[in-house]
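# Reading the structure
As a plain string of letters, each chain reads:
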Amino acid sequence: MTWRDRLLRLPRWMGLGDRPPAAVLAVAGLVLAAWAALAVDLVPMPMAMAGTGAPSASVGPLWLCSLDGGMSMGGAAGSGGPVPTALAGLPMWSLMAMAMMLPVALPATSHVAVNSLRRRRGRAVSQFLLGYLALWLAFGAAVLLGLALLPFDRAVVLVAAALGVATAWELSPAKQWALRRCHKPRPLPPNGWRASVGATRFGVFHGSACVAACWPLMLVMAVAPSARLAWCAGLAGFGLAEKLTLKPRRRARRLAVVLGAATALAALAVVLGV
Amino acid sequence: MPERVDIWTLEEDDPIIAWYRYGVKVMKERDPESVTSWVYQAAMHGSNEGAAHPAWDNCQHGSWYVLPWHRMYVYRMEEILRAAIVAGGGPEDWALPYWNYGLGGEYATVPPAFRSPEFEDEENALYTTERAAGINTGLELPPGAITAAAALARPIYIGAAEFGGGAVGPEKMAGEKGVLERRPHDSVHSNVGGWMSRLNTAALDPVFWIHHANIDRLWHVWREDGEHTDPAEAEWLEQEFPFFDAAGEEVMTKCEDVTDTEALGYEYGPEAPPPISPIETGTAVATIFPGGEGVTSPELIGATTEPITLVGEAVDVEIPIDAEAAGELASGQRVYLNVENIEGEDNPGTAYGIYVDVPPDANQEALDSHLVDSLSFFGIERSEEPFNDQHPHGMRSAIDISAIAHAMADREEWAGAALRVSLKPLMLQAPTAELESLIPDPAHPETPITIGRISVFYDA
C-alpha cells in the first residue's frame, strides 16, 4: 500500500467513514478544540513556589504542556501537600487525554453513534465518552498522585524510566491483548435507562482497554519536563500509529525500536548529567 | 483440463475417490515437518501449536478474503495430492470431487466412502471418528444448514450482508462474514462436528477438502452467471498469500490471479440429478432490489434490550420497531437484521436457524420459507485471539430481510409493531426410523453462546 493509499484511507480508518453522523463530527471537533486549547496554553499552570523563587529543574506532580516551555513546580513542597497539588494538575491532564486519546477512540465512537437510535445519538455518544474519559481521569489522578509522592526530582531520570517502561510494554503480549480488546464492542440496548447504562458501560470498557494499551505513553507525557506541544503531538501520533495498521504485532515491533532509541537518548542524558 | 465432479455422480468405489484416498494416505505418511504432509497442510489453516511455522495458522475468515484464500488453499492441496497420485500411477487430470450437499436428502450425508473405518480390508484414510455423533451412520445435515440459495441471490460481493464478506480495516469493531461464508460454509463445518467444527483441526478431516471444493464451486457459479462481479478494489486484487506448491516451494499468490478457475486450470462438472425430494428454504427472503453499493449509511430502527443465551433450546424474541425511527417504509428501502456480539468459549456444534416473522401456527413449509439464515459458530473459539498478525474479528451476522419487512409493512405491521425472531436448533435428520435415536442432542449447557443484541437497520 502506497502512502497515498494510506492517506486516502485515513478518514475511514479513523472511524469517520463515508458519511459520519453529526455526533462523530462533533467529537472530532472536540479533539481539534482540545489541541487548540493546548496550543494557546488555555489551562493555567498552577505554581507552587519553592523558597528560592527561581524556577527549579525539578519535576513535580504537574506536567505542563505549553509553548513557552514553562517548567513545572511542585512536589511535596507545594502548598497544601501532595493531594491538592496532584489534583490541580487534573484539568491539564483531562485536556491532554481529550487531545491525545480521543482520536484513537473515534472508531468506537462511530460504532456507538451508528448503533444508537438517531434521537439518542448525541446522548449515547456523550455517555460513551464520559465513561471513556473517566478511565483516563482515574489513571491520571493515580499518576499525578504517585509523582507528587516521589522523593526525587530529576526530570530526565523519570523520562528515561518512563520511556524504558513504554518500550518493554510495547513488546509485551499484554499490550497486544489490550489492543485486541480495543476492537471489542459491547451491546447497546436501544432506549431507556438500559441504553444509558449500555453506552456508559461500553465507554468504561473501551477506556479500560485503551488505558491498558497506552498507559506508558501517557506516563511519558506526565513526566516530560520541558514540555512542548511537540511531545503531545509525537505521542498522540504514536498512539494512532499503533491503531491504524492491519498488522498490529509488526507495527508494535517497529514502534518499539523508536521507543528504544528514545530511551537510549534519555539514558544518555542521565549519564551526561543533563 | 481436470474437472472437479459432483461426488454424488460417483459410485463409492469410483477411481476418483479411490485415488483421493490414496493421496490422503500418502500425505498422512509423510513427516509432519515436511510441507507436503497432511499435518503441515492442515496446520496452514489453523493449528493448536499456533504459528510454529510462518505459513501456519494463516486462515482468512470473516472478511472478503475468505473465498480467494480458500481457493488458493484447495488449489495447492489438489496439486500436492495430484503429484502423489501421479507418482502412484494415477491419472494426470485427477481433481478433487465436490460435496454437493445442497441437493439435500441423502446428498446431505457425509459420502459413504468417508464413513467406513475400513475400505477393502484396509484402513480407510478418508475416515475419522472425529465427527458429530451419528454422522458416520448416515445422518443428514439439516436443510436449513446446506442451502446456498440466499448466498447465490446476493447482488454484490462486498459487504457483511452480501455474497463474499466485508473489507478489512483497523477501524472495524467486528468481523464481516458474508452470506456464503455463514451458510453453507460455517453451518456445514459446525454440523459435521468434531474436527470440522474448529478452526485448528478442520482441515485434518478429509471431508474438509470436498466441502471447500463445493464452496469454491459456488463462488464460481455466482460469478459466472453474468450478473455478478468480484471486487475491483486494489486492496482485494493485490492482496497476496503464501502457499506451497507440489514441490514444496513457497508461492505467493494474489487474489486477482485466482478469480477464474479455468485460468487456474480446472473446471466444474455438472451437478448430480436432484434426489426425489428437493429442499427449498428461505423463499420469502428472495432479494427484491437490484444491487447497490453495499452498506453505507445504516440507521437503527429497533433492537433487543437484553442479551440472549443459547444452550440448545429454541429462543423467541420480539424486536420493537421504533415508530419514529422507522417511519413509513419507503418503497425500495432495504432492511437488515443484525445478530451482534456473538460470544462463546467454544463451538457447541449446534447450528440454529434464524426465523423471522413466522406466522402463528405455521406448518413446516411456512416455517422454512421464513428461515433467513443459519447461525453457527465456526471460529468462535478463536474470535478474540486472531490468527497470525491480524486484528480480532468478533462474530456478527448481517442479513437482508427487506422482503419480509415490506410484507409486514403491507399488512400495516411495521413501524410501532414488533418483529418476531426465533432461533431454533437445526437438527441432523435421520433418513430411516432406526437412525432417529442417533440424532445428537442439540443441548450445549457447558458451552453457552451469548448474543449481545439483535437489531434491525435501514440502509441505503
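Structure first, text after, so check above.
Let us look at helix α2 (residues 38-45) of chain B. Residue and element names in this part refer to chain B. Most of α2 sits inside the fold, with seven of its eight residues counted as buried. Within the sequence span of α2, burial applies to Trp 38, Tyr 40, Gln 41, Ala 42, Ala 43, Met 44 and His 45. Contacts made by the buried residues of α2 are with α1 (15-29), α3 (66-87), α7 (207-224) and β4 (240-244).

Once that is clear, we can look at empty space enclosed by the protein. Residue and element names in this part refer to chain B. Inspection of every chain in the model, using the stated rule, returns eight cavities of 30 Å³ or more. In this structure, the largest cavity occupies an estimated 180 Å³ of space. Every residue lining the largest cavity is counted, 22 residues in all, and those nearest its centre are Lys 177, Asp 186, Phe 378, Met 395 and Arg 396. Among the secondary structure elements, those contributing two or more residues to the lining of the largest cavity are α6 (179-192), β12 (371-375) and β13 (395-400). For the lining of the largest cavity, the element with the most residues is β13, which contributes three residues. In terms of residue class, the lining of the largest cavity is made up of six nonpolar, ten polar and six charged.

With that settled, consider a nonpolar patch on the surface. Residue and element names in this part refer to chain A. On the surface, a cluster of nonpolar side chains totalling about 570 Å² of accessible area is made up of Leu 265, Leu 268, Val 271, Leu 272 and Val 274. Looking at where Leu 272 falls in the secondary structure, it is placed in the segment after α11 (248-271). A residue is classified by how much of its surface remains accessible, and Leu 272, at 62% relative accessible area, is exposed.

Right, let's get into the interface of chain B and chain A. Each partner contributes residues to the interface: chain B has 36 residues there, and chain A has 37 residues. When chain B packs against chain A, close to 3300 Å² is buried across both sides, 50% of that on carbon and sulfur atoms. It is Pro170(B), Met173(B) and Asp389(B) in chain B that bury the most area against chain A; as a group they hold 23% of the surface buried on that side. Counting across the chain B and chain A interface gives nine salt bridges. Residue Glu235(B) is joined to Arg9(A) by a salt bridge in which the shortest nitrogen-to-oxygen separation is 2.9 Å.

Helix-helix packing: each pair is described by the crossing angle between the helix axes and the interaxial distance. Residue and element names in this part refer to chain A. Remark: helix α5 (residues 106-114) packs on helix α6 (residues 121-148), axes separated minimally by 8 Å, with the N-to-C direction vectors making an angle of 145 degrees. The interaxial crossing formed by α5 with α6 has right-handed handedness. Judged by residue contacts, Ala 108, Thr 109, Val 112, Ala 113 and Val 114 of α5 engage Arg 121, Ala 124, Val 125, Phe 128 and Leu 129 from α6. The class makeup of the residues in the contact of α5 with α6 is eight nonpolar, one polar and one charged.

To continue, consider the layout of surface pockets. Think of a ball as big as a water molecule: rolled over the atoms, this probe shows where empty space is left. Reported here for the second largest pocket is a volume of approximately 1200 Å³. Lining the second largest pocket are 42 residues; nearest its centre among them are Leu246(A), Lys247(A), Tyr65(B), Gln239(B) and Asp389(B). Sorting the residues of the lining of the second largest pocket by element identifies α1 (3-13) and α11 of chain A together with α8 (234-237), β4 and β5 (250-254) of chain B as the ones contributing at least two each. Counted by class, the lining of the second largest pocket contains 15 nonpolar, 13 polar and 14 charged residues.

What follows deals with the nonpolar core. Where a protein is soluble and globular, its nonpolar side chains tend to be buried together. Formed by 84 residues in total, the largest nonpolar core has its most connected members in Tyr20(B), Trp99(B), Phe114(B), Leu141(B) and Trp209(B). Every element with two or more residues in this core is listed here: α1, α2, α3, α6, α7 and β4 of chain B. For this core, the element with the highest residue contribution is α3(B), accounting for eleven residues. Discounting chain neighbours no more than four positions away, the residues touching Phe114(B) are Ile7(B), Tyr20(B), Asn124(B), Leu126(B), Tyr127(B), Arg131(B), Asn136(B), Pro206(B), Val207(B) and Ile210(B). Counting residues in hydrophobic clusters, the runner-up holds 69 residues, among them Ala97(A), Ala99(A), Val159(A) and Ala266(A).

Let's shift gears to the side chain of Glu78(B). By the element assignment, Glu78(B) lies in helix α3. Under the relative-accessibility criterion, Glu78(B) is labelled buried at 1%.

Another aspect to go through is the sheet that holds strand β11 (residues 351-356) of chain B. Within a sheet, adjacent strands bond to each other through the backbone by hydrogen bonds, running parallel or antiparallel. All names here are of chain B. Read from one edge of the open sheet, four strands run β9-β14-β11-β12, paired in antiparallel fashion. Lying at the two open borders of the sheet, with one neighbouring strand each, are β9 (315-320) and β12. Neighbour-to-neighbour, the strand axes of this sheet turn through a mean angle of 25 degrees, independent of strand direction. Where β11 lies against strand β14 (residues 418-426), six bridges are found, and the strand directions are antiparallel. Its bridge partner being in β14, Tyr 352 is matched across the sheet by Pro 425. Against the sheet, α6 touches β11, β12 and β14, its axis set at about 45 degrees to β12.

The next point concerns the packing of aromatic side chains. Residue and element names in this part refer to chain B. Applying the stated criterion across every chain, the model contains 30 aromatic pairs over all chains. Seen from their ring centres, Tyr 73 and Phe 208 are 6.0 Å apart, and the 75 degrees between their planes marks the pair as edge-to-face. Taken together, the positions of Tyr 73 in helix α3 and Phe 208 in helix α7 put the pair 135 residues apart, joining distant regions of the chain. Looking at Tyr 73, the relative accessible area reads 0%, which means it is buried. When the centroid spacing of 5.8 Å and the interplanar angle of 70 degrees are considered together, the rings of Tyr 98 and Tyr 268 count as edge-to-face. Linking Tyr 98 in the loop between α3 and β2 (118-119) with Tyr 268 in strand β6 (residues 267-268), this pair joins segments that are 170 residues apart in sequence. For Tyr 98, a relative accessible area of 0% puts it in the buried group.

For the rest of this paragraph, the subject is the side chain of Ser397(B). Residues and elements named next belong to chain B. By secondary structure assignment, the location of Ser 397 is in strand β13. On the basis of relative accessible area, Ser 397 is assigned to the buried category, the value being 6%. If we skip the residues at most four places from it in the chain, Ser 397 touches Arg 182, Leu 337, Asn 338, Val 339, Ile 342 and Leu 375.

Throughout the structure, instances matching the rule amount to 34 salt bridges over all chains. A salt bridge links Arg118(A) to Glu299(B); the nearest nitrogen and oxygen atoms lie 2.6 Å apart. Placement of Arg118(A) in the loop between α5 and α6 and of Glu299(B) in strand β7 (residues 299-303) is noted, with the two residues assigned to different chains. Relative accessible area serves as the criterion here: at 16%, Glu299(B) is assigned to the buried category. Residue Arg453(B) is joined to Glu340(B) by a salt bridge in which the shortest nitrogen-to-oxygen separation is 2.8 Å. You can see Arg453(B) sitting in strand β15 (residues 449-459) and its partner Glu340(B) sitting in strand β10 (residues 334-343), a full 113 residues away along the chain. On the basis of relative accessibility, which here comes to 1%, the residue Arg453(B) falls in the buried class. By sharing partners, the salt bridges in this structure join Arg4(B), Arg71(B), Glu78(B), Arg82(B) and Asp216(B) into a single network.

What follows concerns the pairing of β14(B). The pairing of β9(B) with β14(B) spans six bridges and is classified as antiparallel. Looking across to β14(B), one finds that Val315(B) is bridged to Leu423(B).

All names here are of chain B. Cis geometry marks the peptide bond from Arg 183 to Pro 184, where omega comes out at 10 degrees. Tracing the sequence through the fold places Pro 184 in helix α6. Even without glycine at this site, Asp 121 takes up a positive phi of about 65 degrees. Checked against the element boundaries, Asp 121 lands in the loop between β2 and β3 (122-123). For Asn 341, which is not glycine, the phi dihedral falls at a positive 50 degrees.

Conventions adopted
- Residues numbered from 1 in each chain as written.
- Chains lettered and ligands numbered in written order.
- Predicted model: local features only at pLDDT ≥ 70, side-chain atom pairs only at ≥ 80, totals over all residues.
- Heavy atoms only, no water.
- Buried < 20%, exposed > 50% of the residue type's maximum accessible area, 1.4 Å probe, protein only.
- Helix = DSSP H or I, 4+ residues; strand = E, 2+ residues; numbered from the N terminus.
- Contact = heavy atoms within 4.5 Å.
- 1 Å grid on protein atoms, 1.4 Å probe; cavity = no way out; pocket = protein on both sides within 12 Å on 5 of 7 lines; lining within 4 Å.
- Points joined across faces, edges and corners; volume = space filled by probe spheres on them.
- Nonpolar A, V, L, I, M, F, W, Y, C, P; charged D, E, K, R; others polar.
- Patch = residues over 30% accessible without salt bridge, like charges linked within 9 Å, V, L, I, M, F, W, Y side chains within 5 Å.
- Areas by Shrake-Rupley, 256 points an atom, 1.4 Å probe, with all protein chains shown as cover.
- Salt bridge = Lys/Arg side-chain N within 4 Å of Asp/Glu carboxyl O.
- Buried area = accessible area lost by both parts, 1.4 Å probe.
- Axes fitted to C-alpha atoms, helices over the stretch in contact; angles between N-to-C directions.
- Left-handed = near helix turned anticlockwise from the far one by under 90°.
- Core = buried A, V, L, I, M, F, W, Y, C linked by side-chain atoms within 4.5 Å.
- Pairing = 2+ DSSP bridges.
- Phe/Tyr/Trp six-rings, centres within 6.5 Å; stacked < 30°, edge-to-face > 60°.

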